[in-house]
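An overview of the molecular structure
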Amino acid sequence: MRKVAVVGVGQSVFGVRNDVTLQELAWEAVKEALEDAGISQKDVELSVVGTVGTRGYELMPSVVVNEYCGLVGKGPVRVEAACATGSAALWTAYTAVASGQVDVALAIGVEKMNEVDTATSLAVGGRAGNYLWEFHFYGTTFPAYYAFYATAHMAKFGTTEEHMAMVAVKNHKYAARNPKAHFQYEVTIEEVLTSRPIAWPIKLLDSSPISDGAAAVVLASDEVARRLTDTPVWIKAIGYSSDTSNFTRRLDYLGLRATRQAAEMAYKIAKISPGDVEVAEVHDCFTIAEIMAYEDLGFVEKGKGGLFIAEGQSELGGKVSVNLSGGLKAKGHPLGATGLAMIYELTKQLREERERGRQAPLRKYIGLAHNVGGTGHYAYVTVLTR
Ligand SMILES: CC(C)(COP(=O)(O)OP(=O)(O)OC[C@H]1O[C@@H](n2cnc3c(N)ncnc32)[C@H](O)[C@@H]1OP(=O)(O)O)[C@@H](O)C(=O)NCCC(=O)NCCS
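Please read all numbers here as calculations on a predicted model, not as lab measurements. For every chain, the first residue of its written sequence is number 1, and the numbers climb from 1 along that sequence. Totals for whole chains, interfaces and linings use all residues, but because this is a predicted model, local features are given only for residues with pLDDT of at least 70 and pairs of side-chain atoms are given and counted only at 80 or more. For side-chain calculations, the full set of non-hydrogen atoms in the structure is used, while hydrogens and water are omitted.

1. Some details on the UniProt feature "domain: Thiolase N-terminal" (unreviewed entry) in the protein
Rule in force here: UniProt positions are given in the numbering used here, feature names are shortened, and annotations may be inferred rather than shown by experiment. Numbering goes from the N terminus for both helices and strands, where a helix is a DSSP run of H or I of at least four residues and a strand is a run of E of at least two.
Within the UniProt annotation, "domain: Thiolase N-terminal" (unreviewed entry) is assigned to residues 13–222. Within the segment residues 13–222, helix and strand shares are 44% and 14% respectively, and the terminal C-alpha atoms sit 30 Å apart.

If you want it as structure tokens, here you go:
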């Protein structure tokens, strides 16, 4: 396998983007990524479009996106792995470059989620699993699935609503400094705790929003990367795993087995341990998910995730700086774009291009992206280094 580098990244502004079509939204990210890499469409040999599409109007989104972005002839595939779709696009493009099939590949993630109302979106999200054997009988919504995790974690480890609120406060703080975030404002613990219940103990301010957005990443082989840039960000490893479709067939509700397996694979390939990670973008679709991620990624032992946030260990300058973009919680969560937006943020962090108050202090220059699909159905863990 060849070494693969990130040589260009782009991201649209996340939010409710009724001002653009799906393809216009994708172009915002693609244009920035191509310019960042210093290349044009003719240099791209493969374009992989990741989009979930269940809340959108396009049946074949990759075709319209590639055409609008000037990539006709380069996009033979559209990928989907629920909320981990962006990572699936990255992995597909990465394997094409690593295997030697192409030298330059583009991964595009895009989602328009606000074409439908919240009730429809929640109904669609609730079908993330085994429709016939679960949703059809119980009608569970997506926040309700994560409420199962939250209550199990609270019962077993004494994790509190305050611990979860701290995650929201931290992530909103960084989103307030991110001009591309969906919610660019801070919140207090009190505001989180008194926000509207969604599926107890998950409240409005524990939830990621319904966002539109796009992100794009240009990958290049070792030789081409060194020609294009002085600051390639290397993909050291992409670990992956998956789990049962039925929520009821999971091992337990205290964490995500798929994350643990993907992390183990990524650490092994990258030859690092969790303690080496200095900056991370983790999948905080609900605040409890970030607490479980600290544990499943090995930043802290199982059950101590609440303490980890309470001690400020995931803050900028803590043991590992987590979600300096604002995370899914406050930067937003346009499903197909999320995994690539994590790579966008980490690339900026590892190049030390972030402004004061949002740039992680780095010694080893090791970053980690953690992207989950569904309720732990898919997981990808990507290790990056400068
Ligand atoms: C939590 C949720 C149900 C709220 O949706 P809603 O009740 O329709 O909220 P609305 O869109 O009517 O917004 C009402 C207000 O709350 C705000 N808001 C909506 N979601 C928010 C969130 N997650 N965090 C903070 N504020 C939020 C809106 O900006 C709006 O503010 P305004 O009145 O100042 O304009 C919805 O955001 C949701 O389903 N989130 C989870 C998405 C999900 O499951 N993603 C997949 C996970 S992997």
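2. With respect to the environment of L71
Rule in force here: Under the scheme applied here, a residue whose accessible area is under 20% of the maximum for its type counts as buried, over 50% as exposed, and between as partly exposed, the area being computed with a 1.4 Å probe on protein chains only. Only heavy atoms enter the contact rule, under which two residues are in contact if any of them lie within 4.5 Å.
In this structure, L71 sits in the loop between α2 (61–68) and β3 (77–79). Residue L71 is classed as buried on the basis of its relative accessible area, which comes to 0%. The spacing of L71 and V30 is 41 residues in sequence and 10 Å in space, taken between C-alpha atoms. In contact with L71, not counting residues within four places along its chain, are Q41, V44, S47, N66, L106 and I108.

3. Considerations on the site of the ligand
Cut-off, in case you're wondering: Only heavy atoms are used to decide nearness, and a residue is near a molecule or strand if one of them lies within 4 Å of it. We call two N or O atoms a polar contact when they sit within 3.5 Å, provided that within protein one can donate a hydrogen and the other can accept it, with sequence-adjacent residues counted only if both atoms are side-chain atoms. Residue burial considers only the protein chains on display, and all accessible areas are found by Shrake-Rupley using a 1.4 Å probe. Side-chain classes are defined by residue name, with Ala, Val, Leu, Ile, Met, Phe, Trp, Tyr, Cys and Pro counting as nonpolar, Asp, Glu, Lys and Arg as charged, and the others, Gly among them, as polar.
Around the ligand sit 19 residues in total, of which C83, T118, S207, S208 and K329 are the nearest. Backbone polar atom of P209 to a nitrogen atom of the ligand: 3.5 Å apart, as the coordinates give it. K329 places a side-chain nitrogen or oxygen 3.1 Å from a nitrogen atom of the ligand. If the ligand stood free it would expose 920 Å²; the protein chains cover 66% of that surface. Residues that form the shell around the ligand fall into these classes: 12 nonpolar, 5 polar and 2 charged.

4. Let's talk about the environment of R351
The topology assignment puts R351 in the loop between α14 (335–350) and β11 (366–373). The spatial distance from the C-alpha of R351 to the C-alpha of R386 is 7.2 Å, given a sequence separation of 35 residues. Filtering out sequence-adjacent residues up to four positions away, R351 remains in contact with V7, G8, V9, D36, T231, V233 and R386. Side chain to side chain, R351 and E353 meet in a polar contact 3.2 Å long.

5. Observations regarding the UniProt feature "domain: Thiolase C-terminal" (unreviewed entry) in the protein
Here the UniProt-annotated "domain: Thiolase C-terminal" (unreviewed entry) positions come out as residues 239–386. This span, residues 239–386, is 34% helix and 17% strand, and a straight line between its end C-alpha atoms measures 19 Å.

6. A look at the packing of aromatic side chains
For the record, the criterion: Pairing of aromatic side chains requires ring centres within 6.5 Å, counting the rings of Phe and Tyr and the six-membered ring of Trp. Pairs whose planes differ by under 30 degrees are stacked, by over 60 edge-to-face, and all others tilted.
With the rule as written, the count across this model stands at 13 aromatic pairs. Where Y149 meets Y253, the ring centres are 6.2 Å apart and the plane angle is 50°; that geometry is what we call tilted. You can see Y149 sitting in helix α6 (residues 142–157) and its partner Y253 sitting in the loop between β8 (233–242) and α10 (257–270), a full 104 residues away along the chain. The class for Y149 is buried, based on a relative accessible area of 1%. With a relative accessible area of 23%, Y253 lands in the partly exposed category. Pairing F183 with Y185 gives two aromatic rings, centres 5.5 Å apart and planes at 50°, and the pair type is tilted. Overall, the relative accessible area of 21% leaves F183 in the partly exposed class. On the basis of relative accessibility, which here comes to 40%, the residue Y185 falls in the partly exposed class. Through pairs of rings, three or more aromatic residues link up here, namely F142, Y145, Y146, F148, Y149, F247, Y253 and F286.

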